[in-house]
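Now for the letters of each chain:
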Amino acid sequence: MTVPLHFNAFVMNTNSHIHHGQWRRPDAGQVDFEDVELWIELAKKLEAAKFDALFFADVTGVYGDADADFDVYIREGLQIPSNDPIPLVAALAVHTSRIGLALTSNVAQSHPYQFARQVSTLDHISRGRVAWNIVTGLQDNGARNFGHPRLTDHTERYAWAEEYVDVTYKLWEGSWDEGALLKDRERGIYSDASKIHKINHVSERYSVQGPHLPSPSPQRTPVLYQAGSSESGRAFAAKHAEATFIISPNPALAKQLIDDTRRQAVEVGRRAEDIKFFQGLSFVIGDTEEEAKAKAAEVEQYVSIDGYLAHSALVDKTGRVYDPETPLKDVDTNTAKGFGEWVSKAITDREPLVRDVALLISRSTRIVGTPDQIADALVEWQAAGVDGINVINWVIPGSFEEFAEKVLPVLRERGLAQNEYGDDTTLRGRLFGAPRLNDRHPAARYRGAFGRDAVPSTGARVNEGGADASGSAEADLVEAQEAAR
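The rules we used
- Residues numbered from 1 in each chain as written.
- Predicted model: local features only at pLDDT ≥ 70, side-chain atom pairs only at ≥ 80, totals over all residues.
- Heavy atoms only, no water.
- pLDDT = per-residue confidence, 0-100.
- Contact = heavy atoms within 4.5 Å.
- Patch = residues over 30% accessible without salt bridge, like charges linked within 9 Å, V, L, I, M, F, W, Y side chains within 5 Å.
- Areas by Shrake-Rupley, 256 points an atom, 1.4 Å probe, with all protein chains shown as cover.
- Salt bridge = Lys/Arg side-chain N within 4 Å of Asp/Glu carboxyl O.
- Lys, Arg positive; Asp, Glu negative; His and termini not counted.
- Charge placed at Lys NZ, Arg CZ, Asp CG, Glu CD.
- Helix = DSSP H or I, 4+ residues; strand = E, 2+ residues; numbered from the N terminus.
- Axes fitted to C-alpha atoms, helices over the stretch in contact; angles between N-to-C directions.
- Parallel < 35°, antiparallel > 145°, perpendicular 65-115°, else oblique.
- Left-handed = near helix turned anticlockwise from the far one by under 90°.
- Buried < 20%, exposed > 50% of the residue type's maximum accessible area, 1.4 Å probe, protein only.
- Pairing = 2+ DSSP bridges.
- Right-handed = clockwise from strand over helix to strand, strands pointing away.
- 1 Å grid on protein atoms, 1.4 Å probe; cavity = no way out; pocket = protein on both sides within 12 Å on 5 of 7 lines; lining within 4 Å.
- Points joined across faces, edges and corners; volume = space filled by probe spheres on them.
- Nonpolar A, V, L, I, M, F, W, Y, C, P; charged D, E, K, R; others polar.
- Expected span 1.5 Å × (residues − 1).
- Polar contact = N/O pair within 3.5 Å; in protein donor to acceptor, adjacent residues only side chain to side chain.

### Side note on the confidence of the model for the protein
Per-residue pLDDT for the protein has a mean of 89; in total, 88% of the residues score no lower than 70. Segment residues 460-485: pLDDT under 50, and 35 contacts once partners within four positions in sequence are set aside and those in other chains are kept.

### Section: a negative patch on the surface
Residues Asp32, Glu34, Asp35, Glu37 and Glu41 make up a contiguous surface patch of negative charge. Mapped onto the secondary structure, Glu34 falls in the loop between β1 (6-12) and α1 (36-48).

### Section: the packing of helix α6 (residues 154-174) against helix α7 (residues 231-240)
Taken N-terminus to C-terminus, the directions of α6 and α7 make an angle of 15 degrees; their axes are 10 Å apart at the nearest point. Overall, the two elements α6 and α7 adopt an arrangement that is roughly parallel. Crossing hand, α6 versus α7: right-handed. Contacts from His154, Thr155, Tyr158, Ala161, Glu162, Val165 and Tyr169 of α6 reach α7 at Ser232, Gly233, Phe236, Lys239 and His240.

### Some thoughts on the pairing of strand β9 (residues 223-226)
For a regular strand, the rule is simple: side chains alternate between the two faces of the sheet. In β9, alternate side chains face the same way, and those of Val223 and Tyr225 on one face and Leu224 and Gln226 on the other are all buried. Direction of pairing for strand β4 (residues 130-135) relative to β9: parallel, over a ladder of 4 bridges. Bridging across to β9, Ile134 finds its partner in Gln226. Note on the crossover from β9 through α7 to strand β10 (residues 243-246): the handedness is right-handed.

### Observations concerning unusual backbone geometry
Note that the residue after Ile80, namely Pro81, is joined by a cis bond; omega there is 0 degrees. Within the secondary structure, Pro81 is located in the loop between α2 (71-76) and α3 (85-93). Within the chain, Lys50 stands out as a residue other than glycine whose phi angle is a positive 70 degrees. Position of Lys50 among the secondary structure elements: in the loop between α1 and β2 (53-57).

### Here's the deal with empty space enclosed by the protein
Under the defined criterion, the tally for this structure stands at 5 cavities of 30 Å³ or more. Considered as a void within the structure, the largest cavity measures approximately 120 Å³ in volume. In this structure, the second largest cavity encloses a volume near 90 Å³. Contributing to the lining of the second largest cavity are 15 residues, with Asn106, Ala108, Thr136, Ala143 and Leu151 lying nearest its centre. For the lining of the second largest cavity, the secondary-structure elements that each account for two or more residues are α5 (140-144) and α6. When its residues are assigned to classes, the lining of the second largest cavity shows 6 nonpolar, 8 polar and 1 charged.

### Some remarks on α6
The end-to-end C-alpha separation of α6 is 30 Å, in line with the 30 Å expected for 21 residues at 1.5 Å each. For α6, the tally of buried residues reaches 18 of 21 residues, placing the bulk of the element in the interior. With a side-chain oxygen positioned 3.2 Å from the backbone nitrogen of Thr155, the residue opening α6 is Asp153.

### Considering the side chain of Thr244
Among the structural elements, Thr244 can be located in strand β10. Ignoring sequence-local partners within four residues, the contact set of Thr244 consists of Gln226, Ala237, Ile275, Lys276, Phe277 and Phe278.

### What about the pattern of salt bridges?
Taken as a whole and assessed by the stated rule, the structure comprises 32 salt bridges. Two residues, Asp287 and Lys406, come together in a salt bridge whose shortest N-O distance is 3.4 Å. Taken together, the residues span a long stretch of sequence, with Asp287 in the loop between β11 (276-285) and α9 (289-301) and Lys406 in helix α14 (residues 398-413) at a distance of 119 residues. Relative accessible area serves as the criterion here: at 52%, Asp287 is assigned to the exposed category. In this structure, the salt-bridge partner of Arg350 is Asp356, at a minimum N-O distance of 2.8 Å. For Arg350, a relative accessible area of 42% puts it in the partly exposed group.

What follows is the structure, given as structure tokens:
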């Protein structure tokens, strides 16, 4: 039996997100990304096409060395200017009714108490359609914008993320018991005080008393997205993620990553199917193969070599983007080495250039072909374990309109795309069959965990081996709850 794939539109509240230079095309609406009407109309079109979610990426600073000039990013409009996705998600929530709305927020950019309140509010406004893409940051400039001298070590960032999500889980799942909100006009009791609790969280970075100010939203905890293929990232996803965004160069490598993450999920007490994997792909669609190839050539006319190189961080030790005509053998960089090795293996009949790296990146996760050829390719990705596709645009809204008009009907004929949203109005319900996190998720341990006499709880911390190093009171609590299941 064929299982439908899920589809997200992967975008950013900026001019040049993934495919750099395409904003120069006359049909590129993203050049006016600050116009809310662009996003409202896109969200409505995606909802009509039965996309599962509109997924917003985000950053907190510019790329490259924090002390180098950033002229290339300004010139290209490469994720600067960019606007905050959270207010935009609120606007889109009131103009749609079924499509999911996923936002990205770095653990460094907002205190977890404030962030948890914002997300609960958004989940109320959207009636249960919000997702959070948990990120730890990747720019030194972004770290400096929040008072840190540099980007924290990679492993330590995930330890930080463990503390951060621990606070949010306690607020979303534990602060309010079921049935606490009464709205009882006759007795004059709005909420049951015995069922609302302070969380008294104390950890290395955070001290949060609580209680959570919003009442439980339809999902309580938003759907948890995460992107990370590193060793630390996979371990974090195995424990926390419900949807993981990957950009693998081919189905075989995707399968390796997916199988390893699902294996780790089982090892920490979850099930393999508790995580859905979304592969990022772009599409060049033609009614014939020849037309598709001609359109791909047109796309490449707008490719910005400088933009791709700047985004990939293929820069010299001063933070400057290499000249595109530089032989790859002359490149001396501590970043993006994998791209260079990839190109050197792919081009053997001449000396590969820096320019070739940018072209490779621009083509690496695109599918060029007819709707039927695209459907055939997606079958291969699904066979590798992929549950859904993050559709990456060349232009907004045209790329999504064309995909909806030409590809989705073919996918529906094959049973590879949903025809309708179904009865559950929440995003988690559509993805997993129920609006709330299942009991296997670590956040579930905080349900019913707090009472009026609760003592301060030590937040979860990840040690170098990746295991929890929780305080004894919390460990005893978790052990007792697990034994009672």
